[in-house]
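# Results of the structural survey
One letter stands for each residue in the lines below.
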Amino acid sequence: MAALIYPDYPPNLTSEQSDYIVSNIKDWSILSGLAVRPSSSFVSEKIDPSRSLAVTAPVTLFPSLFPRECFEEARAIQTAYNELYACIANDEEWLGEVVKELAEVDDFISNLWNVHQAVKKEGYVQDLSLGIFRSDYMVHKDPSNQEAKTEIKQVEFNTIASSFGGLSAKVSALHKHLLSISAYPPTIPPLISDSSLPPNPSIASLSRGIATAHKAYGRPKTSSQLPLCTLFIVQDLENNAFDQHALATNLLTDHSVLTFRLPFSTVLAHTSIPSDSPSQPLIYTPPHSPSTPYEVTTLYFRAGYSPAEYTSPNSWNARLHLERSAAIKCPSILTHLAGSKKIQQILATPSSPHLSRFLSSTASAAYIDRIQATFAAIYPLDDTAEGKHAIEIATDPERIRGYVLKPQREGGGNNIYGLKIPPFIKSLGDDSKKYRGHILMELIEPPALRNGVFRNGEVTMGEVIGELGVYGVCLWRHGRDEKGEREILENWEAGHLLRTKGRESEEGGVAAGFGAVDSVCLIDV
């Protein structure tokens, strides 16, 4: 689409022009915190044993062209998507029926559900939930119809660890900086301008969401009236720490909310719940200052989404420990489960009644057709007629080329594409129940663009494709009010992310080593 309309974008660079852009990217990014810890493949542990080094995050040289109408539509429907997934997480009976089927074939899903069941039996003490969501899209245009409208199709909806909100705003600022210092040679027609580079408030908006939950928590529940804090649950070796620090810094400077970062593996060592307190506040004792404990208002999970992080029974004990506390969870176990790919498949089923079930208010019902328009073709792998048809496709090397097989996983690097699908299905054996843990999705074919990616000190130019993520913040109360209505207390769209990868790459995760953080240059198609 855009590549055909603007085949000369981005402009070819002389070596001097490229050096000037890259030099400014390197300096500006470190100055501004647009950084990551280097991977061990780039800087070995022998060179950096203390992990004290930082490098520029993988970024594009130019903002990538993106249809203005698609961008505005993705932003406009985000609050409806927020409400949809909040309502799914709030409907334990409906969600439980889906999860129980998955639990038969997926131990990770089963263990998450067991955590919920254990807390439910004891009794939940916190009825507020915070969602920091991200809905990911690709641009699609029917290749068989030259008159077809350009539209967005949803890749997935993320309910846990929706990352890069801290870096995406900085990449938008980086590209505006490069424009302001005349680093970009002129294009014909002129495409990069202040009006084509939209503002990106992701840092301020996402941190405001955490601050809103912090305030909603109310007064301390401990008798000693401990000081309050928020707690980021992070991975042990977190290369993407600066993305998280951007939010924590904004929480402190704009909202006077103190944040600590705690590796998931140390949760049981540094947090506790007083046994004599029926309100079950979560107490965090910083290892650097054990004489100054804090009461945790809000838990923001940037870890705990992958089975690889649950290395022992203690890992599950830690997740249960956090879930049973009074801290507001982002996300709760039920919200985590609502992000399963199976939920996306069920919602995308043609003539599905489920959107009407969850978007029942007059205001939200107006968005049902617009949300349905974003669904790509997704199929179950089960005993239904659609499921049997999907299994036939998944086992046929001649028909499978345009599909991707997705498990119920987050974080990138988990999907199986094209001709790799039939042998994978075969490896599952003859028990068709094992297929149910996956969905089959038709590949979205976005138009190819050109850009340069700066990663690990090197520039690679070539064809790229982009994936737009729109962030959303939602705070809601589980259950229903006295009138039987759902209580959604806060709901807003919260900025955006563009991730770009080489066209030949199957996966797009930046942290997983496949993509780069980008920004949009809006065009009218």
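Residues numbered from 1 in each chain as written. Predicted model: local features only at pLDDT ≥ 70, side-chain atom pairs only at ≥ 80, totals over all residues. Heavy atoms only, no water.

- The chain carries the name Glutathione synthetase in an unreviewed UniProt entry, which gives Letharia lupina as its organism.
- Of the chain, the UniProt comment under Catalytic activity (unreviewed entry) reads exactly: "gamma-L-glutamyl-L-cysteine + glycine + ATP = glutathione + ADP + phosphate + H(+)".
- In its Sequence similarities (unreviewed entry) section, the UniProt record describing the chain reads: "Belongs to the eukaryotic GSH synthase family." (UniProt positions renumbered as here; feature names shortened; annotations may be inferred.)

## Some thoughts on the overall build of the chain
- When helices and strands are tallied, the chain shows 18 helices and 21 strands.
- Relative to the compact-globule value of 24 Å for 525 residues, the chain shows a C-alpha radius of gyration of 23 Å, a close match.
- C-alpha atoms of the chain, sized along the principal axes, occupy 70 × 55 × 50 Å.
- Looking at the chain residue by residue over its 525 residues, the buried ones come to 56%.
- Excluding contacts between residues fewer than 6 apart, the proportion of contacts in the chain whose partners are at least 24 apart in sequence is 75%.
- When the accessible surface of the chain is summed, it comes to about 22000 Å², and 50% of that surface belongs to carbon and sulfur atoms.
- Positive and negative charge centroids in the chain, built from 47 and 60 side chains respectively, lie 3 Å apart. (Helix = DSSP H or I, 4+ residues; strand = E, 2+ residues; numbered from the N terminus. Rg over C-alpha atoms; globule rule 2.2 N^0.38 Å. Buried < 20%, exposed > 50% of the residue type's maximum accessible area, 1.4 Å probe, protein only. Contact = heavy atoms within 4.5 Å. Areas by Shrake-Rupley, 256 points an atom, 1.4 Å probe, with all protein chains shown as cover. Lys, Arg positive; Asp, Glu negative; His and termini not counted. Charge placed at Lys NZ, Arg CZ, Asp CG, Glu CD.)

## Here's the deal with the pairing of strand β8 (residues 259–263)
- Note: strand β7 (residues 228–234) against β8, five bridges, orientation parallel. Bridging from a neighbouring strand, Val234 pairs with Pro263 of β8.
- Note on the crossover from β7 through helix α9 (residues 241–255) to β8: the handedness is right-handed. (Pairing = 2+ DSSP bridges. Right-handed = clockwise from strand over helix to strand, strands pointing away.)

## A look at the packing of aromatic side chains
- In total, this model carries 14 aromatic pairs according to the counting rule given.
- Ring plane angle 25° and centroid distance 4.0 Å describe the contact between Tyr310 and Trp316, whose orientation is recorded as stacked. Both residues of the pair, Tyr310 and Trp316, count as buried.
- Ring-pair connections join several aromatic residues into one group, and the members of that group are Tyr81, Tyr85, Phe133, Phe157 and Trp476.
- One cation-aromatic arrangement involves Lys221 over Tyr217; the distance from NZ or CZ to the ring centre is 4.3 Å. (Phe/Tyr/Trp six-rings, centres within 6.5 Å; stacked < 30°, edge-to-face > 60°. Lys NZ or Arg CZ within 6 Å of the ring centre and 35° of its normal.)

## Things to note about the UniProt feature "binding site: Mg(2+)" (unreviewed entry) in the chain
- As recorded in UniProt, the sites labelled "binding site: Mg(2+)" (unreviewed entry) are Glu156, Asn158 and Glu410.
- Along the chain, Glu156 turns up in strand β6 (residues 151–158).

## Examining the pattern of salt bridges
- The full count for this structure, using the stated rule, is 18 salt bridges.
- Residues Glu73 and Arg370 are paired through a salt bridge, measuring 2.8 Å at the closest nitrogen-oxygen approach. Of this pair, Glu73 sits in helix α3 (residues 68–76) while Arg370 sits in helix α16 (residues 368–372); the two residues are 297 residues apart in sequence, bridging distant segments of the chain.
- Residue Glu73 is classed as partly exposed on the basis of its relative accessible area, which comes to 23%.
- Through salt bridges that share partners, Arg134, Asp136, Glu467 and Arg499 make up one connected network. (Salt bridge = Lys/Arg side-chain N within 4 Å of Asp/Glu carboxyl O.)

## Let's talk about the sheet that holds strand β14 (residues 403–407)
- Taken in spatial order, the four strands of this open sheet run β13-β16-β14-β15, and their pairing is antiparallel. Edge positions in the sheet fall to β13 (378–380) and β15 (416–417), since each of these pairs with one other strand and no more.
- Sitting on the sheet, helix α13 (residues 341–348) is in contact with β13, β14 and β16 (438–442), with an inclination near 110° to β13.
- Strand contacts of helix α17 (residues 385–394): β13, β14 and β16, with the helix running at about 105° to β13, the strand carrying the most contacts. (Axes fitted to C-alpha atoms, helices over the stretch in contact; angles between N-to-C directions.)

## Remarks on the environment of Gly209
- One can find Gly209 in helix α8 (residues 202–217).
- Looking at Gly209, the relative accessible area reads 1%, which means it is buried.
- Counting along the chain gives 266 residues from Gly209 to Leu475, while the straight-line C-alpha distance between them is 7.9 Å.

## Considerations on the state of the cysteines
- Going through the model one piece at a time under the given rule, you end up with zero disulfides.
- In this structure Cys87 is a free cysteine whose sulfur lies 7.9 Å from that of Cys474, the closest cysteine sulfur available.
- Given the relative accessible area of 2%, Cys87 is considered buried.
- Not part of a disulfide, Cys330 finds its nearest cysteine sulfur in Cys474, a span of 10 Å. (Disulfide = S-S within 2.5 Å.)

## Describing helix α7 (residues 165–180)
- Under the 1.5 Å per step criterion, the end-to-end length of α7 is 23 Å for 16 residues, consistent within 8% with the ideal 22 Å.
- The set of residues buried in α7 consists of Gly165, Gly166, Leu167, Ser168, Ala169, Lys170, Val171, Ser172, Leu174, His175 and Leu178. (Expected span 1.5 Å × (residues − 1).)

## Notes on the pairing of strand β21 (residues 520–523)
- Covered by surrounding structure in β21 are Val520 and Leu522 together with Cys521 and Ile523, the residues of both alternating faces.
- As paired strands, strand β4 (residues 64–67) and β21 are joined by four bridges and run parallel to one another. Considered in β21, the bridge of Phe66 is made with Leu522.

## Topic: α13
- Here α13 lies mainly inside the structure; eight of its eight residues are buried.
- Among the residues making up α13, those that are buried are Lys341, Lys342, Ile343, Gln344, Gln345, Ile346, Leu347 and Ala348.

## As for the environment of Gly218
- Its location among the elements puts Gly218 in the loop between α8 and β7.
- Overall, the relative accessible area of 34% leaves Gly218 in the partly exposed class.

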